[in-house]
Amino acid sequence: MSAVNDSRLGTGVGSERWRVLSLLCLAVILSLTTWFSATAILPELKQELALGPGAEAWLTNGVQVGFVIGALAASLVNLPDLVRLSRLMAAAAFVGALANASLLLNPGTGGVIAARIVTGMALAGVYPPALKLIATWFTRDRGLALGAVIGALTIGSALPHLFRAVSTTLDWRPVVAAASVATAIGALLFLLFAREGPYPFGKAVFEPSRIGQVFRERPLLLANLGYLGHMWELYAMWAWLLAYTRAAFEAQAIGSAAAASLSTFFVVASGILGCLLGGYLSDRIGRTATTAGMMIVSGSCALLMGFLFPGPLWLFMLVAIIWGISVIGDSAQFSAAVTELGDRRFVGTALSVQLGLGFALTVLAIWLTPRFADFIGGWRWAFLLLVPGPALGAIAMLWLRNLPESVKMAGGLR
């Protein structure tokens, strides 16, 4: 079906799309709790499993690696075109719940990392298909709708820190159990309520022979450079914010581990405001202006965190929350830009390349950050390592804004 104004389909479809969006976002929130479930209990797992610094980073990096493997494998066989999206997301979420629950069996360091890789592979069957499904319900307000789904991912990623903060014991098992149950409920919601809308996509085929085209076309290259700058910062910030906050609170004589977990939850969860704001702005002022502005703000916050490490607490938290809002607010817009700039026949290849490179880069950033902290003698200035990412990303998007091809994005708003 050609893209038409949503209002032409009547008030029934108009109200239905918001109901589907609400239910889908709830299912994504519940399912994505497994992403950082191990990160939220990292101090406890590190002690119980006697993890070294390398294995410690891999509790988060395992999910990133698994996600890349799962996403590329699904693209190679065009899985979203072969399996109904609701069933694909439900099955993937259920596998993620089982993989996460296996941590309760205390399978040892190797088993834990393997479980995290499987969790990442499962989440690759949840997050990208959710974006595709909700886009079938929206032509108008699509930026806002995609921003809402990314916001749901953000809250889901933050929830394990809330589970940790409100846990009545110091044991890590209730956090894992809560995340696993939440993900299983999300799987049921996907199965019962997720269905495609009136704007279906054609097949988005992944053709490896077309990968070079992504790098030869300057607009696509710049959009992907912007995305890579964004991804260099995002997941390393999310992965190590709890460790950073704990160290900062100790420096500020705030010794409560629960306070650090609760603060981390609020900072990461505040990203939903950025996702909604980013979606709203991209539909009105354009993708390049929105993404560059968000990265300038987030990079500035990463720079300021070291200065505020010793306090005052209110200013530390204010900048951290602004960072949490801006670091994710532009995320959905990079994928949207690629779909608008590239040849529609190869949009599947372009998106797969963007996704694979972006999440592969997060593995390096997550691995390097604690090593950089050790090298400089502590966490205070560790987030300086992340500043070049958004700085270079903003430059790439502003460069793209000046190219004539940028009028293809967001209805000519660049």
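Everything below is about the structure shown above.
Residue numbers run consecutively from 1 along every chain, following the written order of its sequence. Residue-level local features of this predicted model are given only where pLDDT is at least 70; pairs of side-chain atoms are given and counted only at 80 or more, and the full residue set underlies all totals for whole chains, interfaces and linings. Side-chain measures here rest on the full set of heavy atoms in the structure, leaving out hydrogens and waters.

Undergrad: I keep staring at the overall build of the protein and nothing clicks. Help me out?
TA: The secondary structure listing takes helices from DSSP runs of H or I that are at least 4 residues long and strands from runs of E that are at least 2 residues long, numbered from the N terminus. When helices and strands are tallied, the protein shows 19 helices and zero strands. Three labels apply to residues, based on accessible area from a 1.4 Å probe with only protein chains included: buried if under 20% of the type maximum, exposed if over 50%, partly exposed otherwise in between. When the 414 residues of the protein are sorted by exposure, 56% land in the buried category. Residues are treated as being in contact if the distance between any of their heavy atoms lies within 4.5 Å. Long-range pairs, those at least 24 residues apart, make up 84% of the contacts in the protein with a sequence separation of at least 6.

Undergrad: Teacher, can you tell me more about unusual backbone geometry here?
TA: Leave glycine aside and you will find that most residues have negative phi; peptide bonds, for their part, are mostly trans. The amide bond that connects glycine 311 to the next residue, proline 312, takes the cis arrangement and shows omega of 0 degrees. Position of proline 312 among the secondary structure elements: in the loop between α15 (287-308) and α16 (313-328). The phi torsion at asparagine 106 lies on the positive side, around 50 degrees, for a residue other than glycine. Here asparagine 106 lies in the loop between α6 (85-101) and α7 (108-123). Classification of asparagine 106 as partly exposed rests on a relative accessible area of 34%.

Undergrad: Sorry if this is basic, but what is going on with the packing of helix α14 (residues 271-282) against α15 here?
TA: Angle between the axes and distance between the axes are the two parameters that describe a pair of packed helices. Relative orientation of the contacting elements α14 and α15 amounts to 150 degrees, with a least axis distance of 8 Å. Where α14 crosses over α15, the two elements pack in a sense that is right-handed. The segment α14 lies against α15, with Gly274, Leu277, Gly278, Leu281 and Ser282 engaging Arg287, Thr290 and Met294. Residues were grouped as follows: Ala, Val, Leu, Ile, Met, Phe, Trp, Tyr, Cys and Pro as nonpolar; Asp, Glu, Lys and Arg as charged; and all remaining residues, including Gly, as polar. Classifying every residue of the contact of α14 with α15 gives three nonpolar, four polar and one charged. Fitted lines through C-alpha atoms serve as axes, helices being fitted only where they are in contact, and the angles separating the N-to-C directions of these axes extend from 0 to 180 degrees. With the far helix as reference, a near helix turned anticlockwise by less than a right angle produces a left-handed crossing, and one turned clockwise produces a right-handed crossing.

Undergrad: Can you walk me through empty space enclosed by the protein in this structure?
TA: Once rolled over the atoms, a probe with the size of a water molecule shows which space is left empty. Using a grid of 1 Å spacing that covers the protein atoms alone, one calls a set of points a cavity when a 1.4 Å probe fits there but cannot get out, and a pocket when the set is open and has protein on both sides within 12 Å along at least five of seven lines; lining residues are those with an atom within 4 Å of a point. Grid points are joined across faces, edges and corners, and a volume is the space filled by probe spheres set on the points. All told, the structure shown has two cavities of 30 Å³ or more when counted by the stated rule. In terms of lining, the second largest cavity is formed by Val20, Leu23, Leu24, Ala27, Leu189, Phe190, Phe193 and Ala194. Of all the secondary structure elements, the ones that give two or more residues to the lining of the second largest cavity are α1 (10-31) and α10 (173-193). Per element, the largest residue contribution to the lining of the second largest cavity is four residues, and it comes from α1. By residue class, the composition of the lining of the second largest cavity is eight nonpolar, no polar and no charged.

Undergrad: Help me understand the layout of surface pockets, please; the structure alone is not making it clear to me.
TA: Considering only enclosed or pocket space, the second largest pocket measures out at about 290 Å³ in volume. Taken together, 16 residues make up the lining of the second largest pocket; nearest its centre are Lys46, Glu56, Trp240, Ala243 and Trp379. For the lining of the second largest pocket, the secondary structure elements donating two or more residues are α3 (42-49), α4 (53-76), α12 (218-251) and α18 (347-375). Looking at the lining of the second largest pocket element by element, the count peaks at five residues for α12. For the lining of the second largest pocket, the residue count by class is ten nonpolar, one polar and five charged.

Undergrad: Help me understand the environment of alanine 258 in this model?
TA: Looking at where alanine 258 falls in the secondary structure, it is placed in helix α13 (residues 257-269). Taking the C-alpha atoms as reference points, alanine 258 and valine 166, 92 residues apart in sequence, are found 7.3 Å from one another.

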